[in-house]
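Descriptive structure summary
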Amino acid sequence: MSLSSDGVSTVTSSSPEGRRRVPLRWAVPLLLFTLSLGCLLSVLMSLAFGSEHIPVDVVWQVVSTHVRGESSDGSPWDAIVWELRLPRALLALVVGAGLALAGAGMQTLVRNPLADPYLLGLSSGASVGATLVITTGVLSGAGIYSLSLGALLGALMAAGTVYLVAMAQGGLTPMRLVLSGVVLSSAFSAMASFLIFLGEDSRAASSVLFWMLGSLNGATWTTIGPVTVLVLCSGLLLWAGHSWLDALSCGPETAAALGVPVRGVRLTLFVLLGLLVGGLVAISGGIGFVGLIVPHAARLLVGATHRVMIPVAAVAGGLFLVWVDVVARVAAAPQEMPLGVVTGVIGAPVFLALMGRRSYSFGGAR
């Protein structure tokens, strides 16, 4: 059994007339159901892990008590599970799905298998905004949301700068976007380093570095809602335009021949990815490798057709980041590791293994 390029599983049989393929159309729904069930179970299991291990039966009792609307007993475990770990696990699920969606969209936009959500310098721009907040206290009036607001403004500033530079050079072509993003990312990183150098707080450098490598430490129930709406809307828009994305991934000439408004699709995709990545970075910092390896893994499972690849990548990305967060909490307990360190250790060998498969191709090139 294998999955064809349109995401439909097939069984190959031998006969005197030759080999034939019989589609099994339930393969992708079954895969999505399995991954979704894995996400649900993983979120519940992750609540038991951390600097303080909590028995699974206690976790289930706490969660079921709150779900049924009953009053809690006020125990320390209740506060740890419901107020700290569950919002964090759900945020990991949402952010992982968002990063996978952004990575898939970015790879299609620039037609580059090495593209990730931060290619356009959004992470570096966000680091400038976050560094300004940490070192100068700007936006302190926003309270606990000042760091996220500064990072979001910095990411949107970076997206706007990349757009203006690319348009000044002739338009939003993949090559101009890649080059503009790489160059401006280096410039923004230098600006963040300069701000740290000028800052008087000796702890600013470690705070900025930890944030740039990614963390879900600030997850609360109030932060989950907005980012969930952002990821859901972005995913639905990407899925709704799956046929245009398929055509765009084959090249602008092919897409134009099929009637796709290439310029409009590129601009819409650029704005959508800028808002999505800006919102994710503002909440979780820069978490690498998720948006790079998960879309490739989804293509290996169901093919490159965006109609099936996008939902599979989103669910797989959420599942992956939930367990990355677990590793980050327990690997150096009672201290917490930045998520980017864990994704880098896991993601690099996984990406090399994926690229080593002879059957894998991207954009028609092996």
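Everything numeric here is computed off the predicted structure, so don't read it as measured data. (Residues numbered from 1 in each chain as written. Predicted model: local features only at pLDDT ≥ 70, side-chain atom pairs only at ≥ 80, totals over all residues. Heavy atoms only, no water.)

**Comments concerning the overall build of the protein chain**
In plain terms, the rule: Segments assigned H or I by DSSP are reported as helices when at least four residues long, segments assigned E as strands when at least two residues long, and all are numbered from the N terminus. Only C-alpha atoms enter the radius of gyration, while the globule expectation follows 2.2 Å times N to the 0.38, with N the number of residues. A simple rule labels every residue: compare its accessible area, found with a 1.4 Å probe on the protein chains alone, to the largest value its type can have, and call it buried under 20%, exposed over 50%, or partly exposed in between.
Assigned secondary structure in the protein chain consists of 14 helices and three strands. A compact globule built from 366 residues would reach a C-alpha radius of gyration of about 21 Å, and the protein chain, at 22 Å, matches this within 12%. Along the three orthogonal principal directions, the C-alpha set of the protein chain runs to about 70 × 55 × 35 Å. The buried share among the 366 residues of the protein chain stands at 46%.

**Quick word on the packing of aromatic side chains**
To keep it simple, the criterion reads: Pairing of aromatic rings covers Phe, Tyr and Trp, the last through its six-membered ring, and needs centres within 6.5 Å; plane angles under 30 degrees mean stacked, over 60 mean edge-to-face, and all others mean tilted.
Scanning the model with the defined rule gives three aromatic pairs in all. Where tryptophan 82 meets tryptophan 221, the ring centres are 5.2 Å apart and the plane angle is 40°; that geometry is what we call tilted. With a gap of 139 residues between them, tryptophan 82 in helix H3 (residues 76–110) and tryptophan 221 in helix H8 (residues 221–240) connect regions that are remote in the sequence. Taking relative accessible area as the criterion, tryptophan 82 reaches 17% and is therefore assigned buried.

**Quick look at unusual backbone geometry**
Phi at arginine 111 takes a positive value of approximately 55°, unusual for a residue other than glycine. Tracing the backbone through its elements, the reader meets arginine 111 in the loop between H3 and helix H4 (122–136). A positive phi angle, close to 75°, is found at phenylalanine 289, a residue other than glycine. Mapped onto the secondary structure, phenylalanine 289 falls in the loop between helix H11 (262–284) and helix H12 (290–302).

**Overview of the nonpolar core**
The condition is simple: Here, the term nonpolar core denotes a set of buried Ala, Val, Leu, Ile, Met, Phe, Trp, Tyr and Cys residues that are joined through side-chain atoms within 4.5 Å. Residues are treated as being in contact if the distance between any of their heavy atoms lies within 4.5 Å.
Within the largest apolar cluster, 87 residues are counted, with the highest numbers of intra-cluster contacts made by Val95, Leu109, Leu177, Val231, Ile287 and Leu321. Here this core takes 17 residues from H3, the largest share from any one element. Once residues lying within four places of it in the same chain are set aside, the contact partners of leucine 321 are Ala92, Val95, Gly96, Ile287, Val290 and Leu339. Grouped together as the second largest cluster of nonpolar side chains are six residues, Ala247, Val260, Val262 and Val265 included.

**Comments concerning the packing of H4 against H11**
Describing two packed helices takes the angle between their axes plus the distance from one axis to the other. Stated formally: Here, axes are lines fitted to C-alpha atoms. For helices the fit covers the stretch in contact, and angles between N-to-C directions go from 0 to 180 degrees. When describing relative orientation, an angle under 35 degrees is termed roughly parallel and one over 145 degrees roughly antiparallel, while 65 to 115 degrees is termed roughly perpendicular and anything else oblique. It is the rotation of the near helix from the far one that decides the hand of a crossing: anticlockwise by less than a right angle makes it left-handed, clockwise makes it right-handed.
Between H4 and H11, the least distance of the axes is 10 Å, while the angle of their chain directions is 45°. The angle between the axes of H4 and H11 places the two elements in the oblique class. Pair H4 / H11 crosses with right-handed handedness. Contacts between H4 and H11 involve Leu122, Ser123 and Ala126 from the first element and Leu273, Gly274, Val277 and Val281 from the second.

**Comments concerning the state of the cysteines**
Filter applied, for reference: Here, a disulfide means two cysteine sulfur atoms that sit within 2.5 Å of each other.
Throughout the structure, instances matching the rule amount to zero disulfides. Distance from the sulfur of cysteine 233, which forms no disulfide, to the nearest cysteine sulfur (cysteine 39) is 19 Å.

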